[in-house]
Amino acid sequence: MEANELIQALAEQQFITKTIQMPAGHIDDFHSHPWHQIVFPVQGLLQSDIDDKCAIVPHNGMLYIPAHTIHRSVAITDTQFLAIYLNPNKYVQFNDEPKPCLVSPFLKELLLLFFNGKLDRELDKQPTLKACPVSVSTSKAESTITHLLMVLRDQIEAASRYEIPLLIPKDKRLLSIFTQLKQQPSLPLTLKMWATQVGASERTLSRLCAKEFARSFSLWRQNIRLVLSLQLLNSTKSIQTIAMELGYTSDATYISAFKTMFNQTPNQYRQQHLR
């Protein structure tokens, strides 16, 4: 069942959840929901467009989208994400601004709590009360959900913004390069070689990168490699092996570039986010 159909069918719930699979390249074109939405990838990478802004959402990040916000999502790789839809007409009021967030270990466990069934089992055990702090007609179970959603709201507001540079280009020539780099990030082609391959001049490709990404071609290519490395770090491969697969001349070069973008080393990322 589609998300908006679920929302309509369960209009009195405080929240609903849905697990969504998107193969690489799939586009969930511009749409909106009457409820707030949290997008939390557990595998893969998403790029989401909201108004004139874009957000890359990896599996150590999440995206909060307010109700009625028009957005579009593209799966950069095969992606599975957990979606939580939050009823804006109930007790907990969430922010009205979109926010890409870095997911702390505590926030991750909180998000997963809504999906793993433990919450439902615990709530089923609780007796109904005649009154509770939320409403005289609300059960203790409903009150428990309300308080958990308050914690979720506070955690999102306190979370660090997670700004990862835009990857997917609009220009068809850059898009051709992106598609090939996504499949083989170690490709050693120079800007001149790429220009010949896609039928454009070096100057044109440089101008297009500056226009779409506000950065040079080499920095855009590095961003692609670094973001793709987030998935590789979820494997048992060594840092050196990952660096070589991405096309870096050494693991030290990769570690330095990774730390510049993500403010931590690849090993620190593994320990903090992939436990």
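About the thresholds
- Once a new chain begins, its residue numbering starts again from 1 and follows that chain's sequence as written.
- This being a predicted model, a pLDDT of at least 70 is required before a residue's local features are given, and a value of 80 or more before pairs of side-chain atoms are given or counted; all residues contribute to the totals for chains, interfaces and linings.
- Hydrogens and water molecules were not included; the side-chain quantities draw on all heavy atoms of the structure.
- What counts as a ring pair is set by centres within 6.5 Å for rings of Phe, Tyr and Trp (its six-membered ring), and what kind of pair is set by the plane angle: stacked under 30 degrees, edge-to-face over 60, tilted for all other angles.
- Burial here depends on accessible area, computed with a 1.4 Å probe over protein chains only, as a share of the maximum for the residue type. Under 20% is buried, over 50% is exposed, and the range in between is partly exposed.
- We count a stretch as a helix when DSSP gives it H or I for four or more residues in a row; a strand needs E for two or more, and each element gets its number in order from the N terminus.
- Here the expected length of a helix is defined as 1.5 Å per residue gap, with one fewer gap than residues.
- Of all possible arcs, the one meant is that of the directions from the helix axis to the C-beta atoms.
- In these notes, a set of buried Ala, Val, Leu, Ile, Met, Phe, Trp, Tyr and Cys residues joined through side-chain atoms within 4.5 Å is what counts as a nonpolar core.
- Whether two residues are in contact is decided by their heavy atoms, any of which lying within 4.5 Å being enough.
- Axis lines are fitted to C-alpha atoms, over the contacting stretch for helices. Their N-to-C directions set the angle, which ranges from 0 to 180 degrees.
- With respect to orientation, any angle under 35 degrees is reported as roughly parallel, any angle over 145 as roughly antiparallel, any angle of 65 to 115 as roughly perpendicular, and every other angle as oblique.
- Ten residues, namely Ala, Val, Leu, Ile, Met, Phe, Trp, Tyr, Cys and Pro, are considered nonpolar, four, namely Asp, Glu, Lys and Arg, are considered charged, and the remaining ones, Gly among them, are considered polar.
- We call two N or O atoms a polar contact when they sit within 3.5 Å, provided that within protein one can donate a hydrogen and the other can accept it, with sequence-adjacent residues counted only if both atoms are side-chain atoms.
- Two strands are counted as paired when DSSP detects at least two bridges linking them.

Right, let's talk about the packing of aromatic side chains for a bit. The full count for this structure, using the stated rule, is nine aromatic pairs. Aromatic pair Tyr 248 and Tyr 254: ring centres 5.6 Å apart, planes at 45°, arrangement tilted. Across this residue pair, the class does not change: Tyr 248 and Tyr 254 are buried. Both rings, one in Phe 258 and one in Phe 262, keep their centres 4.6 Å apart while their planes meet at 45°; by these two values the pair is tilted. Of the two residues, Phe 258 and Phe 262 both sit in helix H10 (residues 251-262), four residues apart, roughly one turn of that helix. An identical accessibility class is assigned to Phe 258 and Phe 262; each is buried. One aromatic cluster is present, formed by Tyr 162, Tyr 248, Tyr 254, Phe 258, Phe 262 and Tyr 269 through successive ring pairs.

As a further point, take H10. Under the 1.5 Å per step criterion, the end-to-end length of H10 is 16 Å for twelve residues, consistent within 8% with the ideal 16 Å. Among all positions of H10, only Tyr 254, Ala 257, Phe 258, Met 261 and Phe 262 are buried. For H10, the buried positions fall inside an angular range of 110° around the axis, keeping them on one side. Downstream of H10 by a residue or two, Asn 263 has a phi angle that is positive, lying close to 60°.

As a further point, take the nonpolar core. Membership of the largest hydrophobic core comes to 43 residues, with the highest contact counts inside it found for Ile 177, Leu 205, Trp 220 and Tyr 254. Those elements that place two or more of their residues in this core are helix H5 (172-183), helix H6 (191-198), helix H7 (202-213), helix H8 (217-232), helix H9 (239-246) and H10. In terms of residues, this core owes the most to one element, H8, which gives eight residues. Sequence-distant contacts of Ile 177, that is, excluding residues within four places in its chain, are made with Trp 194, Val 198, Leu 205, Phe 217 and Trp 220. Formed by 22 residues, the second largest nonpolar core is a distinct cluster that contains Phe 15, Tyr 64, Leu 86 and Ala 159.

Looking now at the packing of H8 against H10. Packed helices, taken two at a time, are described by the angle their axes make and the gap between the axes. Contact geometry of H8 with H10 gives a least axis separation of 10 Å together with a crossing angle of 90°. Judged by the inter-axis angle, H8 sits roughly perpendicular to H10. Each of Gln 222, Asn 223, Leu 226, Val 227, Ser 229 and Leu 230 in H8 lies in contact with H10, whose residues at this interface are Tyr 254, Ala 257, Phe 258, Met 261 and Phe 262. Classifying every residue of the contact of H8 with H10 by side-chain character gives eight nonpolar, three polar and no charged.

Locating Arg 72 in the fold gives a position in strand E7 (residues 71-75). Among the polar contacts listed, one links the side chain of Arg 72 to the side chain of Asp 29, at a separation of 3.4 Å. Apart from the residues within four sequence positions on either side, Arg 72 is in contact with Ile 27, Asp 28, Asp 29, Phe 30, Gln 47, Ser 48 and Asp 49.

This part covers the sheet that holds strand E2 (residues 27-31). Strand order in this open sheet of four strands is E2-E7-E4-E5, and the pairing throughout is antiparallel. The open sheet has two free edges, formed respectively by E2 and strand E5 (53-57), since each of these has just one partner strand. Strand-to-strand twist in this sheet, taken as the mean axis angle between neighbours without regard to direction, amounts to 15°. Bridging between E2 and E7 involves three bridges; their strand directions are antiparallel. What sits directly across from Asp 28, in E7, is Ser 73.

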